[in-house]
Amino acid sequence: MSGSSREFLCKPSRRVQGRFSVPGDKSISHRAVMFGALAQGRTEVSGFLPGADTLATAQILRDLGVAIERTAATGLRIDGVGLHGLRPSATPLDCGNAGTAMRLLTGLLAGQRFASTLIGDESLSRRPMRRVIDPLLQMGARIDCTAAGTAPLQIHAVDGLRGIEYRCPVASAQIKSCVLLAGLYADGPTEVTEPAATRDYTERMLSALGADVSVAGTRVRLNPGQTLRAQPIAVPGDFSSAAFFLVAGAIAPEGELIIENVGLNPRRTGLLLTLIDMGADIEILDQREVAGEPVGDLRVRSSALRAVDVPIERVPDMIDEFPAFAIAAACAEGTSSVRGAHELRVKESDRIAAMARGLEALGVQVQEFDDGMAIEGRADMGGGCIDSQGDHRIAMSFAVAALRATGVIRILDCANVDTSFPGFSELATLAGLSVQVREGGPELSA
Ligand code: S3P
């Protein structure tokens, strides 16, 4: 394990207070760059997430010949080249830590008349890619990966693809989006049916740009042949980033937080429902629609939480929020559980194992299942040393846990927090947490 040398040192604190917004949505930011690049005309993106993951996607599209300019800290101007205007890159395309970049770009590149190579960091190079390669092969793509089914991915040049009807074996927006992107280059309609509905930004955005997309229940159908026309894209705040502050506000012994301009797409807000089920004092203020997406300000106050069994059908709607949920569960009265979440094993880390080991280090009792975990809540946690496994969401979740810890929580390998939430430690400190960032400093006893 190489691991970054950045650590968070989180001192216990009790009170949160503040009103602020979180960075732009990661899923929408990735798609804004990709679809803006494939559209005809200029796309102005506002609220773009300037995180390492989404900047990697922007750099890849530049490597493929698209002019992309940063117009402000969160502004991007993309001069689209049209569906057939991408150019081969002389170098491998580096997705860094970003699974969304690699899986969606594999679909986008599978139908091109030129070859590409996609690479990623150590964590991404361990993650399963056959889940996207298999349907693309059925469409006539030619892709090589390692014997383990992982990156590097060599995508060969082809002369068009076939439309297919694909039944996704797992609920995954990345697989669905990958197949739909390849479908733009197919000779006929492409249909994807999911076992459960997942985030729908790809279908919504393609449709807004003029693609012929129809949705019936969990089936999406794309008819190729339309030109995509550039549209301005306003990216709301990322619910998954707001999630850390929702949990912080609920578990803090005192105070309240207001998180402004949070995207509230129902395929993302499972944690909101779960926290409310747990008795969290959360209110949506000023719910509105921005660029076709529901958005609101979330007010959360210190709450006495009770345990919950997460309904299995809600798992896809909170798939990225289980690390934050686990901290809320550790502070709730009673034993909480989640099942049917096997996908957590193949995220940026094995999130079931990473959360279980971390919580145990703080004295919390955890039972690990193949597809989930049970967590026994307690009044407070101890301090301790946590290995985030280089996973941004594990690192941020344990920073929040310090609101209910009796000692310092030292979190290792935190550089990847910048993949999704640049400025997290500063914002957390502003909100009343104590997150000190150390770059490979001398050994400390936690
Ligand atoms: C994402 C889909 C989800 C999610 C990831 C972002 C997307 O992954 O975990 O953070 O933007 O489509 P899966 O499709 O693997 O569930």
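Residues numbered from 1 in each chain as written. Predicted model: local features only at pLDDT ≥ 70, side-chain atom pairs only at ≥ 80, totals over all residues. Heavy atoms only, no water.

## Section: unusual backbone geometry
Leave glycine aside and you will find that most residues have negative phi; peptide bonds, for their part, are mostly trans. Here is the rule we go by: Each helix corresponds to a stretch of at least 4 residues labelled H or I by DSSP, and each strand to a stretch of at least 2 residues labelled E; elements are numbered beginning at the N terminus. The classification of residues rests on relative accessible area computed with a 1.4 Å probe and restricted to protein chains. Under 20% of the type maximum is buried, over 50% is exposed, and intermediate values are partly exposed.
Cis peptide bonds are those with omega within 30 degrees of zero, and the linkage from Ala-151 to Pro-152 qualifies with 5 degrees. Following the sequence through the fold, Pro-152 ends up in the loop between β8 (143-144) and β9 (153-155). Positive phi outside glycine occurs at Asp-286, with the angle close to 55 degrees. Here Asp-286 lies in strand β16 (residues 281-290). Taking relative accessible area as the criterion, Asp-286 reaches 52% and is therefore assigned exposed. Residues other than glycine seldom take positive phi values, yet Ala-291 does so here, at roughly 50 degrees. Checked against the element boundaries, Ala-291 lands in the loop between β16 and β17 (293-301). Assessed through its relative accessible area of 58%, Ala-291 is described here as exposed.

## Considering the layout of surface pockets
So the rule is basically this: Within this scheme a cavity is a closed region of a 1 Å grid, computed over the protein atoms alone, that accommodates a 1.4 Å probe without allowing it to escape, whereas a pocket is open but has protein on both sides within 12 Å along at least five of seven lines; lining residues each have an atom within 4 Å of a point. Grid points are joined across faces, edges and corners, and a volume is the space filled by probe spheres set on the points. Lys, Arg, Asp and Glu make up the charged group, whereas Ala, Val, Leu, Ile, Met, Phe, Trp, Tyr, Cys and Pro make up the nonpolar group; the residues left over, Gly among them, are polar. How far each domain reaches was decided by an automatic or database domain assignment.
Of the voids in this model, the largest pocket is the one considered here, and its volume is about 560 Å³. Forming the walls of the largest pocket are 39 residues, and the residues nearest its centre are Ala-171, Ser-172, Ile-319, Asp-320 and Lys-347. Broken down by class, the residue content of the lining of the largest pocket amounts to 12 nonpolar, 10 polar and 17 charged. Both domain 1 (6-24 + 236-439) and domain 2 (26-234) contribute no fewer than three residues apiece to the lining of the largest pocket.

## Details of the sheet that holds strand β10 (residues 165-167)
Operational definition: In this analysis, strands are considered paired if DSSP registers two or more bridges between them. Fitted lines through C-alpha atoms serve as axes, helices being fitted only where they are in contact, and the angles separating the N-to-C directions of these axes extend from 0 to 180 degrees. When checking whether two residues touch, look at their non-hydrogen atoms; a contact exists if any pair is within 4.5 Å.
On the basis of which strands lie adjacent, the open sheet formed by 4 strands has the order β10-β11-β13-β12 and mixed pairing. Each edge of the open sheet is held by one strand with a lone partner, namely β10 and β12 (212-216). Each strand of the sheet is rotated relative to its neighbour by a mean of 15 degrees, with strand direction disregarded. Here β12 pairs with strand β13 (residues 219-223) via 5 bridges, running antiparallel. Following the sheet pairing, Asp-212 is matched in β13 by Asn-223. Running over the sheet, helix α6 (residues 201-208) touches β12 and β13 and is turned about 140 degrees from β12.

## Some points on the packing of helix α4 (residues 130-138) against helix α5 (residues 173-183)
Stated precisely, the cut-off is as follows: Any angle between 65 and 115 degrees counts as roughly perpendicular, while under 35 counts as roughly parallel, over 145 as roughly antiparallel, and the rest as oblique. Whether a crossing is left-handed or right-handed is set by the direction in which the near helix is turned from the far one by less than a right angle, anticlockwise for left-handed and clockwise for right-handed.
Relative orientation of the contacting elements α4 and α5 amounts to 30 degrees, with a least axis distance of 10 Å. As far as their axial angle goes, α5 and α4 are roughly parallel. Pair α4 / α5 crosses with right-handed handedness. Along the contact surface, α4 presents Arg-131, Val-132, Pro-135 and Leu-136, while α5 presents Gln-174, Ile-175, Cys-178, Val-179 and Ala-182.

## Side note on helix α10 (residues 351-361)
Buried residues dominate α10, accounting for 8 of its 11 residues. In this structure, the buried residues of α10 make contact with α9 (322-330), β19 (366-369), β20 (372-376), β21 (384-387) and α11 (392-401). Positive backbone phi, at 90 degrees, marks Gly-363, one or two positions downstream of α10.

## Examining the nonpolar core
Quick note on the threshold: Here the nonpolar core consists of buried residues drawn from Ala, Val, Leu, Ile, Met, Phe, Trp, Tyr and Cys, with membership extended through side-chain atoms lying within 4.5 Å.
One finds Phe-245, Ile-327, Leu-359, Phe-398, Ile-409, Ile-411 and Phe-424 to be the most contacted residues of the largest nonpolar core, which totals 80 residues. With 10 residues, helix α7 (residues 239-251) is the single largest residue contributor to this core. Once residues lying within four places of it in the same chain are set aside, the contact partners of Leu-359 are Ala-326, Ile-327, Ala-330, Val-364, Val-366, Ile-375, Met-381 and Phe-398. If you look at the next biggest cluster of nonpolar residues, it comprises 69 residues, including Phe-48, Ala-141, Cys-178 and Ala-211.

## Concerning the domain arrangement of the chain
Spelled out, the test is: The buried area of a pairing is the accessible area, by a 1.4 Å probe, that goes missing from both parts when the two are put together, added over both. What makes a salt bridge here is a side-chain nitrogen of Lys or Arg within 4 Å of a carboxyl oxygen of Asp or Glu, nothing more. Under the rule applied, a polar contact is a pair of N or O atoms within 3.5 Å (in protein, one hydrogen donor and one hydrogen acceptor; residues adjacent in sequence only if both atoms are side-chain atoms).
As assigned here, the chain comprises domain 1 (6-24 + 236-439) and domain 2 (26-234). Computed from C-alpha coordinates alone, the two centres of domain 1 and domain 2 are separated by 29 Å. Taken over both partners, the interface formed by domain 1 and domain 2 buries close to 2,100 Å², and the fraction arising from carbon and sulfur atoms is 48%. Interface area lost by domain 1 to domain 2 is led by Arg-267, Glu-348 and Thr-419, which between them contribute 25%. In this assembly, domain 1 and domain 2 are joined by 4 salt bridges. Salt-bridge contacts for Glu-348 lead to Arg-127; the nearest nitrogen and oxygen are separated by 3.9 Å. Our count for the contact surface shared by domain 1 and domain 2 stands at 13 residue pairs in polar contact (both at pLDDT 80 or more). Secondary structure elements with two or more residues in the side of domain 1 that touches domain 2: α11 and α12 (417-420). The dominant element in the side of domain 1 that touches domain 2, judged by the number of residues it contributes, is α12, at 3 residues. Grouping the constituent residues of the side of domain 1 that touches domain 2 by class yields 8 nonpolar, 7 polar and 11 charged.

## Observations concerning the sheet that holds strand β6 (residues 93-94)
With mixed pairing, 4 strands are arranged side by side in an open sheet as β6-β7-β9-β8. Each having just a single partner strand, β6 and β8 make up the two edges of the open sheet. Sheet topology note: the β6/strand β7 (residues 116-119) ladder contains 2 bridges and is parallel. Across the sheet, residue Asp-94 finds its bridge partner in β7, namely Ile-119. In the packing of helix α3 (residues 99-110) onto the sheet, the strands contacted are β6, β7, β8 and β9, and the crossing angle to β7 comes to about 175 degrees.

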